[in-house]
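One letter stands for each residue in the lines below.
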Amino acid sequence: MKPLVGLAVLVPQTLASYAFYVGKNLTRDGSVLVGGTGEEVSSHWLQLFPAADHAPNETVTVGVTGGANIPGELMRIPQVKHTFRYLSMEYSDYMGFPAPLTNGGLNEKGVAVRDVWATNRAELIRMTPTPQRGVQYSDMARLVMERASTAREGVELIRDLIRDHGEATYGGNTHLIADKDEGWVVWELAGGRGLWAAERLGASQVRALYPGYIGDFPVDFANSSDFMGSDNIVTFAVEQGWWRPGSGEPFNIFKVYGPQGPGYTERDGGFKYMSQAALENATLAMAPVSEAGLMERVRDHRIADDEAGYGQVVSLREGVDPDMLRVWIAPTGSVASPFIPWWLGGQSVPPEFGQHRYLTTGASSSFLAPDFQLQEASRFAGRIFKRVLYYMCSAPALFFPIVTDALTAFESESARDLEWVERSAETLIASGERDSARRLMTYYSHSRAAKALDMGNTMNDALDMYIKLRGLWRDPVGKDINDAGEGAETVNCLVGFNPDRPANQQVVPGSGRFVVQDRF
C-alpha cells in the first residue's frame, strides 16, 4: 500500500450534509431533538429496514471500491446474530462510494444517527494508504442503526469497527449519534492510522455541524466519561509536530487535525452562508425548541439549498414504545418540500417515496431494470418538489414566502392530527392490538404523503401558470445543463433572501459574507 498523492482530494468538500443537536433541557417537551439533511448529487429515497436474525458465520460487505475518490477495496466483516429495525433516507452515490449509501436515520431502540463531513488537514489526507481497506462512513451509520441500543454504544461500536477492521475515508467524517439522554460527535480521521475522537453532548447543549467539529479535547480523555478517542489521538499529533505538550496551547482536535489556514476555526470554517456558531446561536435563541422550531432551522434557506437531498427531524424521549418512535422527513430539500411524519411501526413506504431513476448514478447511460418498471411508473416525490424549488428560484421575493407558508400550514395540520393518531395507536397497543396500531400509523403516513404529492403538483401547476401568464419565463442561455461537477459549490438562489427587506435590496453572498446588492 502506498500513500495517496495528488491534489484532487485535498479540496475541502462542499457537498456534505449538516446536522443539529438540541439537548433535552432546551426543548419544549424535554426530548432530545436531532435534525439535518444529506447533501449529495444523488437520488434520495425513504426505506424501512425490518429487524432480522442472521445465521452463524454470516458476513456483511463494507468499504469502498477503486472508483472512490481515494481508491480502495471492498471487504467482508462478521454480521451479528440480530439487527434492529430502522428507517433511513438512502442514496446512490457520494465520492464514488458504492450504493446504496445512508447518512443515518432512527432505529427501534431510539438511537438516531446523522453523518456530516469534516475534512482533515492536507498532510493527513496525503498519508492515507491506497488501496484503502476498512469500514466507511455509510457503513458505520448503518451498523450503528442495526446494532446500537444507546448513543454511547454507537460510539463504542465505531471504536471497535475502526480498531478491528480499519476505516476507509473520503478525507474525514463525523457522526452525530443521539438517544433520549445525550448526543455524541464522533470524528473519524483520514490517514490510515485509526485516528478518531468523540465528544459527549449533554442536556443543556446545542451543536450544529457544518462541517462536523470537536474543539478542545483533554489529553487524559481516558479518565473522562465525556470524551473518547483512539489511543494515539494525542501521541500521533505530537509525533507529527502538530501539537506540543507544555506549550500552553490546549489540545484542540479541529486545530490539530482539521483544515489548516487563516479563517478556519471549529465554529466558523468559512463554509456555506451561515457558520456553525451562527446556526447554534439561532437555535439557542429559539429555546425551548419545539419540533416545528427545529424544522425551521433545518429548512433555513441559507443552508437548505439545491444541495439538500431531504430534511429530517426526530425527537427522542423517555418511555416511547418502539413502534411509536417518529421521524419527520421532507422528501427533498425542506426549503421546498413538507415534512411528513413516519413511524418505526409503519409497515411500508409508498412507491412515490421509494427509489427512482431521477439523479440515480448511471441512469443516463443505461435503461431501466425490468423489475423497477412499475416503481418508475409512479410519481417521484423528490422530483416533484425539486420542481417547486426551481420555480421558487425564478422569483424568490415573490414565491419564497408563499411556498413557505403552504409548507408550514401543511405541517401544522399534520401536527394537530398526531394527537388523535398517536393516542389511538397507543390505545390499540395497550389492548394487544399492535398490528392494528401499525396499520393505523401506516395508513396515516401514506395519506399525508399522498396529500403532500397533490400539494406539490398543485404548487407546480400554479407557479408554472403564473410565470407564463406574466411573461416571466426565461429560456436557458448557457450550453451545459450541469454545473462544474461534484465538489463545486452550487448557486443558492434563495441565499440572503430577507422578507423584511424591499425586493430590490436583498442580501446576497459576497466574498463569503453578506453584502447588500440590487437583485430584482
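Below: a short report on this structure.

Criteria and thresholds
Residues numbered from 1 in each chain as written. Predicted model: local features only at pLDDT ≥ 70, side-chain atom pairs only at ≥ 80, totals over all residues. Heavy atoms only, no water. Helix = DSSP H or I, 4+ residues; strand = E, 2+ residues; numbered from the N terminus. Buried < 20%, exposed > 50% of the residue type's maximum accessible area, 1.4 Å probe, protein only. Contact = heavy atoms within 4.5 Å. Areas by Shrake-Rupley, 256 points an atom, 1.4 Å probe, with all protein chains shown as cover. Salt bridge = Lys/Arg side-chain N within 4 Å of Asp/Glu carboxyl O. Pairing = 2+ DSSP bridges. Axes fitted to C-alpha atoms, helices over the stretch in contact; angles between N-to-C directions. Patch = residues over 30% accessible without salt bridge, like charges linked within 9 Å, V, L, I, M, F, W, Y side chains within 5 Å. 1 Å grid on protein atoms, 1.4 Å probe; cavity = no way out; pocket = protein on both sides within 12 Å on 5 of 7 lines; lining within 4 Å. Points joined across faces, edges and corners; volume = space filled by probe spheres on them. Nonpolar A, V, L, I, M, F, W, Y, C, P; charged D, E, K, R; others polar. Expected span 1.5 Å × (residues − 1). Bend = angle between axes of the 7 residues up to and from the residue. Core = buried A, V, L, I, M, F, W, Y, C linked by side-chain atoms within 4.5 Å. Left-handed = near helix turned anticlockwise from the far one by under 90°. Lys, Arg positive; Asp, Glu negative; His and termini not counted. Phe/Tyr/Trp six-rings, centres within 6.5 Å; stacked < 30°, edge-to-face > 60°.

1. Brief notes about the overall build of the protein chain
Here's step 1: If you tally the helices and strands in the protein chain, you get eleven helices and 22 strands.
Here's step 2: With 520 residues in all, the protein chain has 56% of them scored as buried.
Here's step 3: Counting only contacts in the protein chain whose residues sit at least 6 apart along the sequence, the fraction spanning at least 24 positions is 71%.
Here's step 4: Surface exposure of the protein chain reaches about 21700 Å², of which carbon and sulfur atoms provide 53%.

2. Things to note about the pattern of salt bridges
Here's step 1: Per the counting criterion, the structure on display carries 30 salt bridges.
Here's step 2: Between E199 and R207 there is a salt bridge whose closest N-O contact spans 3.2 Å.
Here's step 3: Note on E199: relative accessible area 11%, which makes it buried.
Here's step 4: Look at the salt bridges and you will find they share partners, linking R85, D321, D323, R434 and R438 into a network.

3. Quick notes on the sheet that holds strand β18 (residues 311-316)
Here's step 1: As summarised here, the arrangement of the six strands in space is β16-β2-β3-β18-β19-β20, forming an open sheet in which the pairing is antiparallel. Each of the sheet's edge strands pairs with one partner strand only, and the pair in question is β16 (206-209) and β20 (340-343). The sheet shows a mean angle of 15 degrees between the axes of neighbouring strands, taken without regard to direction.
Here's step 2: Pairing geometry for β18 and strand β19 (residues 326-330), over four bridges, is antiparallel.

4. Description of a nonpolar patch on the surface
Here's step 1: A surface patch of nonpolar side chains, amounting to about 320 Å² of accessible area, comprises L398, I402, Y466 and L472.
Here's step 2: Position of I402 among the secondary structure elements: in helix α10 (residues 396-430).
Here's step 3: The class of I402 is exposed, set by a relative accessible area of 51%.

5. A look at empty space enclosed by the protein
Here's step 1: For the coordinates displayed, the defined rule picks out five cavities of 30 Å³ or more.
Here's step 2: Here the largest cavity defines a volume of roughly 70 Å³.
Here's step 3: Surrounding the largest cavity, 13 residues form its lining, W45, L46, M89, P331 and F353 being those nearest its centre.
Here's step 4: When residues of the lining of the largest cavity are traced back to their parent elements, those giving at least two are β4 (44-49), β19, β20 and α9 (381-394).
Here's step 5: A per-element tally of the lining of the largest cavity places β4 first, with three residues.
Here's step 6: Of the residues assigned to the lining of the largest cavity, the class counts are eleven nonpolar, two polar and no charged.

6. Quick notes on the environment of I70
Here's step 1: Looking at the secondary structure, you find I70 in the loop between β6 (59-62) and β7 (75-78).
Here's step 2: Take I70: its relative accessible area is 0%, and that puts it in the buried class.
Here's step 3: Separated by 27 residues in the primary sequence, I70 and F97 have C-alpha atoms spaced 9.5 Å apart.

7. Here's the deal with the layout of surface pockets
Here's step 1: Reported here for the second largest pocket is a volume of approximately 640 Å³.
Here's step 2: Taken together, 30 residues line the second largest pocket, and the ones lying closest to its centre are A292, M295, E296, R299 and T408.
Here's step 3: Contributions of two or more residues to the lining of the second largest pocket are made by α7 (291-299), β19 and α10.
Here's step 4: With nine residues, the single largest contributor to the lining of the second largest pocket is α10.

8. Here's the deal with α10
Here's step 1: If you check α10, its first and last C-alpha atoms are 49 Å apart, about what 35 residues at 1.5 Å a residue would give, namely 51 Å.
Here's step 2: Considering bend angle alone, the principal kink of α10 is centred on L418 and spans about 35 degrees.
Here's step 3: Positive backbone phi, at 85 degrees, marks G432, one or two positions downstream of α10.

9. What about the nonpolar core?
In globular proteins that are soluble, nonpolar side chains generally tend to be buried together.
Here's step 1: If you look at the biggest cluster of nonpolar residues, it comprises 114 residues, and the most contacted ones within it are F217, I233, F251, I253 and Y257.
Here's step 2: Per-element accounting of this core gives the leading share, eleven residues, to helix α11 (residues 434-469).
Here's step 3: Ignoring any residue separated from it by four or fewer positions in sequence, one finds Y257 in contact with N120, R121, L124, L189, L195, N232, I233, F236, A237, W242 and F251.
Here's step 4: Membership of the second largest hydrophobic core comes to 26 residues, among which are M145, A151, L161 and W196.

10. A word on the environment of G23
Here's step 1: Examined against the element boundaries, G23 turns out to sit in the loop between β2 (18-22) and β3 (32-37).
Here's step 2: Expressed as a C-alpha distance, the spacing of G23 and K180, which sit 157 residues apart in the sequence, is 9.0 Å.

11. Section: the pairing of β2
Here's step 1: Extensive coverage of β2 is indicated by the burial of five of its five residues.
Here's step 2: Side chains Y18, F20 and V22 project from β2 onto one buried face, and the interleaved A19 and Y21 project onto a second face that is buried too.
Here's step 3: Of the strand pairs in this sheet, β2 and β3 are connected by five bridges, and their pairing is antiparallel. Across the sheet, the residue bridging to A19 is G36, located in β3.

12. Considering the packing of α9 against α11
Here's step 1: With their axes 9 Å apart at the nearest point, α9 and α11 run at an angle of 30 degrees to one another. Judged by the twist between their axes, the crossing of α9 over α11 is left-handed. In this structure, α9 contributes A381, I384, F385, R387, V388, Y391 and S394 to the contact, and α11 contributes A452, L453, G456, N457, M459, N460, L463, D464 and I467.
Here's step 2: For the contact of α9 with α11, a count of residues per class yields ten nonpolar, four polar and two charged.

13. Describing the side chain of S138
Here's step 1: Along the chain, S138 turns up in helix α2 (residues 137-147).
Here's step 2: Looking at S138, the relative accessible area reads 1%, which means it is buried.
Here's step 3: With near-sequence residues (within four places) excluded, S138 lies in contact with P100, L101 and T102.

14. Section: the side chain of E266
Here's step 1: Secondary-structure assignment places E266 in the loop between α5 (253-257) and α6 (276-284).
Here's step 2: Although E266 is buried, it forms no salt bridge, and the closest oppositely charged side chain is K255 at an N-O distance of 5.7 Å.
Here's step 3: Sequence-distant contacts of E266, defined by excluding residues within four places in its chain, comprise Y213, G215, N252, F254 and Q276.

15. Looking at the packing of aromatic side chains
The geometry of two aromatic rings is summed up by the distance between their centres and the angle between their planes.
Here's step 1: In this structure the tally under the stated criterion is 21 aromatic pairs.
Here's step 2: Ring geometry for Y94 and Y137: centres 6.1 Å apart, planes at 85 degrees, overall edge-to-face. Highlighted residues: Y94 in the loop between β9 (86-91) and β10 (101-107) and Y137 in helix α2, separated in sequence by 43 residues.
Here's step 3: You can call Y94 buried: its relative accessible area is 3%.
Here's step 4: With relative accessibility at 2%, the residue Y137 sits in the buried group.
Here's step 5: Aromatic side chains W243 and F251 sit 5.1 Å apart centroid to centroid with 70 degrees between the ring planes, which places their arrangement in the edge-to-face category.

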